[in-house]
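# Structural overview for review
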Amino acid sequence: MAAAIALTVILALLAVFQLALALGSPLGRFAWGGAHRVLPTGLRIGSLVSIVVYTVIAVLALDRVDVIDVVPDAVSAVGMWIVFGYFVLGIVMNAISRSKPERYTMTPVVAVLAVLSLLVALS
């Protein structure tokens, strides 16, 4: 259960970060390839979509460890393996980013998320 809660806390912090980006905060060098200090409209919408994705992941993780019960067990079990794959891909994508701030900040964050999601998937 600790892994699912840690995963959820990190996702909540990332959701705050994505909301700040969507609202025009000049932190774009840490996200979306780092090409924009302030994100253009399309990427701001992407940041809002990311918040929805983080919420779905948190629900799957918490459901998987029986903190909540909102989806069938098979959905949360398979879903967490998909989430693990998503985060592994995220490690690669952040590691090859042209933005040094994104590479050095987000790659380790996503690596932690991958490990936590693996632990939840194995539970």
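Residues numbered from 1 in each chain as written. Predicted model: local features only at pLDDT ≥ 70, side-chain atom pairs only at ≥ 80, totals over all residues. Heavy atoms only, no water.

## Examining the overall build of the protein
- Of regular secondary structure, the protein possesses 4 helices and 0 strands.
- A compact globule built from 123 residues would reach a C-alpha radius of gyration of about 14 Å, and the protein, at 15 Å, matches this within 12%.
- Each of the 123 residues in the protein was classed as buried or not, and the buried ones make up 36%.
- Taking the contacts inside the protein whose residues are at least 6 apart along the sequence as the reference set, 56% of them involve residues at least 24 apart. (Helix = DSSP H or I, 4+ residues; strand = E, 2+ residues; numbered from the N terminus. Rg over C-alpha atoms; globule rule 2.2 N^0.38 Å. Buried < 20%, exposed > 50% of the residue type's maximum accessible area, 1.4 Å probe, protein only. Contact = heavy atoms within 4.5 Å.)

## Examining the environment of Ala 15
- Checked against the element boundaries, Ala 15 lands in helix 1 (residues 2-22).
- On the basis of relative accessibility, which here comes to 16%, the residue Ala 15 falls in the buried class.
- Sequence spacing of Ala 15 and Val 65 is 50 residues, and the spatial spacing of their C-alpha atoms is 22 Å.
- In contact with Ala 15, other than residues within four places in its own chain, are Ile 51 and Tyr 54.

## Regarding the side chain of Ser 117
- Along the polypeptide, Ser 117 turns up in helix 4 (residues 100-122).
- If sequence neighbours within four positions are ignored, Ser 117 has contacts with Leu 7, Met 80, Val 83, Phe 84 and Phe 87.

## Looking at the nonpolar core
- Counting 28 residues, the largest nonpolar core has Leu 7, Leu 11, Met 80, Phe 87 and Val 120 as the members making the most contacts within it.
- Elements represented by at least two residues in this core include exactly helix 1, helix 2 (41-64), helix 3 (73-95) and helix 4.
- Sort the elements by how many residues they give to this core and helix 1 lands first, with 8 residues.
- With sequence-adjacent residues up to four places away left out, Met 80 is seen in contact with Leu 7, Ile 57, Leu 60, Ala 61, Arg 64, Ser 117, Val 120 and Ala 121. (Core = buried A, V, L, I, M, F, W, Y, C linked by side-chain atoms within 4.5 Å.)

## With respect to the packing of aromatic side chains
- The full count for this structure, using the stated rule, is 2 aromatic pairs.
- Their ring planes at 90° and their centres at 6.1 Å tell us that Trp 81 and Phe 84 sit as a pair that is edge-to-face. Highlighted residues: Trp 81 and Phe 84, both in helix 3, separated by 3 residues, approximately one helical turn.
- Between the aromatic rings of Tyr 86 and Phe 87, the centroid separation amounts to 5.5 Å while the plane-to-plane angle is 55°, which identifies the pairing as tilted.
- Directly above the aromatic system of Tyr 104 lies the positively charged group of Arg 103, at a separation of 5.4 Å from the ring centroid. (Phe/Tyr/Trp six-rings, centres within 6.5 Å; stacked < 30°, edge-to-face > 60°. Lys NZ or Arg CZ within 6 Å of the ring centre and 35° of its normal.)

## Observations concerning a nonpolar patch on the surface
- A contiguous nonpolar patch, built from Met 1, Ile 5, Val 9, Leu 13 and Val 67 and spanning about 480 Å² of accessible area, is present on the exposed surface.
- In this fold, Ile 5 is placed in helix 1. (Patch = residues over 30% accessible without salt bridge, like charges linked within 9 Å, V, L, I, M, F, W, Y side chains within 5 Å. Areas by Shrake-Rupley, 256 points an atom, 1.4 Å probe, with all protein chains shown as cover. Salt bridge = Lys/Arg side-chain N within 4 Å of Asp/Glu carboxyl O.)

## Points about the packing of helix 1 against helix 4
- Helix 4 packs onto helix 1 with a crossing angle of 145° between their chain directions and a minimal axis gap of 9 Å. In the crossing of helix 1 with helix 4, the sense of the turn from one axis to the other is left-handed. Between helix 1 and helix 4, the residues in contact are Ala 3, Ala 4, Ala 6, Leu 7, Ile 10, Leu 11, Leu 14 and Phe 17 and Met 106, Val 109, Val 112, Leu 113, Leu 116, Ser 117, Leu 119 and Val 120, respectively.
- In terms of residue class, the contact of helix 1 with helix 4 is built from 15 nonpolar, 1 polar and no charged. (Axes fitted to C-alpha atoms, helices over the stretch in contact; angles between N-to-C directions. Left-handed = near helix turned anticlockwise from the far one by under 90°. Nonpolar A, V, L, I, M, F, W, Y, C, P; charged D, E, K, R; others polar.)

Read these as spatial facts, not as claims about activity.
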